[in-house]
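# Observations on the three-dimensional arrangement
Below, each chain spelled out in residue letters.
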Amino acid sequence: MAETTEPQDTSSDGRTFPIWGDEARARGYSIPLPFGVNLSYMNMRQNVDVDSITFSGLKLGAHPIPSDMFNIDVAKTRERSQSENLRLDMWVFPFLNVYGLLGYTKGSSVSTVSVDADPSRYTGLDRIIASSVHNLNRSGDLQDIEFKLDFQGRTIGTGFTLAGGYGNWFTLVDTNYTRTDFDILDGSISAVTVSPRVGYRFNMPGVAGPSPLSLWVGSMYQDVQQEFKGKLSDLHMPAELQPLIATVNQDDDGRFDVKQHLNSPWNMLIGAQYEITQNFNVLSEIGFNDRNSFFLAGEYRF
């Protein structure tokens, strides 16, 4: 999350950072204390469009089943996640902040799926299996199934914020890269997030004199890796699919491959930050439109 207002620091105190800080102060700019520790919580919900779901490595006894036998149609998917992060940052220049973060993410996605097969494409035992799946679909047993996917994992990331302003107006562009290792997936999921914001800072009465209150509007863009692979045995299959998968996954070699994309990579943001003291501030931000989010953070600067 971007640093949205600069705490008052009217003397250099022999500090090396931010570089060119003395020059900026001489021109009347408020310079933030250079180092920060930030603890944050994010709750996010968004719609996901699933392009395809395939199962592979399945077999009935010793007979392998074609990976394209099951036609899995996904009507809609809603994803929700919660993240707790620790961020350490430093203002290198008055206009450039760099940071690293560590966190933990957990969440779930809920999809409405239907499973079918086309017996006319196969012969022999494959035709019998496909016919059984097709009959179950026609009877409604394999239609409109709620498929819930639970996940959790550790997140690491890095990013930078570019800041500028004129008078009490300010603008920020925050860019970061994160990687999360989820427990049910092979490898990790990477994401790039870009968040431009523009706002205004008010001086409010505080416990130690005037305390800045910053209000802003902005937007968030997310580019998330959207192909997930892993073992079927790591998933909690819906009751309707458990007998089918158990029958054809006796050796526990079955795998899944999900390809999807975000319904919308952009959403709108509104937020506020209040500087309780020069060293401590609190921040909250809400996202809306196709992605709903709530963010809350406390920060100590020194």
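Scoring rules and cut-offs
- Residues numbered from 1 in each chain as written.
- Predicted model: local features only at pLDDT ≥ 70, side-chain atom pairs only at ≥ 80, totals over all residues.
- Heavy atoms only, no water.
- Helix = DSSP H or I, 4+ residues; strand = E, 2+ residues; numbered from the N terminus.
- Rg over C-alpha atoms; globule rule 2.2 N^0.38 Å.
- Buried < 20%, exposed > 50% of the residue type's maximum accessible area, 1.4 Å probe, protein only.
- Contact = heavy atoms within 4.5 Å.
- Areas by Shrake-Rupley, 256 points an atom, 1.4 Å probe, with all protein chains shown as cover.
- Lys, Arg positive; Asp, Glu negative; His and termini not counted.
- Charge placed at Lys NZ, Arg CZ, Asp CG, Glu CD.
- Expected span 1.5 Å × (residues − 1).
- Arc of directions from axis to C-beta.
- Core = buried A, V, L, I, M, F, W, Y, C linked by side-chain atoms within 4.5 Å.
- pLDDT = per-residue confidence, 0-100.
- Patch = residues over 30% accessible without salt bridge, like charges linked within 9 Å, V, L, I, M, F, W, Y side chains within 5 Å.
- Salt bridge = Lys/Arg side-chain N within 4 Å of Asp/Glu carboxyl O.

The chain appears in an unreviewed UniProt entry as Lipoprotein from Rahnella ecdela.

Right, let's get into the overall build of the chain. Counting its secondary structure elements, the chain contains three helices and 14 strands. Scaling as 2.2 N^0.38, a compact globule of 302 residues should have a C-alpha radius of gyration of about 19 Å, whereas the chain reaches 25 Å, well beyond that. Projected onto the principal axes, the alpha-carbon positions of the chain cover approximately 85 × 30 × 30 Å. Here the chain, with 302 residues, has 45% of them falling under the buried criterion. Partitioning the contacts of the chain with sequence separation of at least 6, the portion at a separation of at least 24 is 70%. With the model as given, the accessible surface of the chain reaches about 15000 Å², and the carbon-plus-sulfur share is 56%. Mean positive and mean negative side-chain charge positions of the chain (24 and 36 charges, respectively) differ by 2 Å.

Compared with an ideal rise of 1.5 Å per residue, which puts 16 residues at 22 Å, helix H2 (residues 124-139) spans 23 Å between its outermost C-alpha atoms and is within 8% of the ideal. Among the residues making up H2, those that are buried are Asp126, Ile129, Ala130, Val133 and Asn137. Here the buried residues of H2 occupy an arc of 95° about the axis, which is enough to place them on one side. For H2, exposure combined with an orientation more than 90 degrees from the buried face picks out Ile128 and Arg138. Phi turns positive, to about 95°, at Gly140, one or two residues after H2.

All right, on to the environment of Lys259 then. Tracing the sequence through the fold places Lys259 in strand E11 (residues 255-262). The exposure class of Lys259 is partly exposed, given its relative accessible area of 39%. Put simply, Lys259 and Gly153 are 106 residues apart on the chain and 20 Å apart in space, counted from C-alpha to C-alpha. Those residues in contact with Lys259 that lie beyond four places of it in its chain are Val50, Asp51, Ser52, Gln226 and Glu227.

Ranked by internal contacts, the top residues of the largest apolar core, which has 33 residues, are Phe55, Phe70, Leu232, Leu235 and Met237. In this structure, Trp91, Trp216, Met220 and Leu269 belong to the second largest nonpolar core, which totals 12 residues.

A few words now on the confidence of the model for the chain. Mean pLDDT over the chain: 89, with 93% of residues reaching 70 or higher. Segment residues 1-11 is flagged for pLDDT under 50; beyond a separation of four residues in sequence, or across chains, it makes 52 contacts in the model.

Okay, a nonpolar patch on the surface next. A cluster of nonpolar side chains, Trp169, Val198, Val217, Met268, Ile270, Ile286, Phe288, Phe294 and Leu296, forms an exposed patch at the surface whose accessible area comes to about 780 Å². Elements with a contribution of two residues or more to the nonpolar patch: strand E12 (266-275), strand E13 (280-288) and strand E14 (291-301). The topology assignment puts Phe294 in strand E14.

Okay, the environment of Phe17 next. Inspection of the secondary structure puts Phe17 in the segment before helix H1 (21-26). Residues Phe17 and Pro94, 77 residues apart in the sequence, show an inter-C-alpha distance of 8.6 Å. In this structure Phe17 touches Pro34, Phe35, Met90, Trp91 and Val92, once residues within four positions along its chain are discounted.

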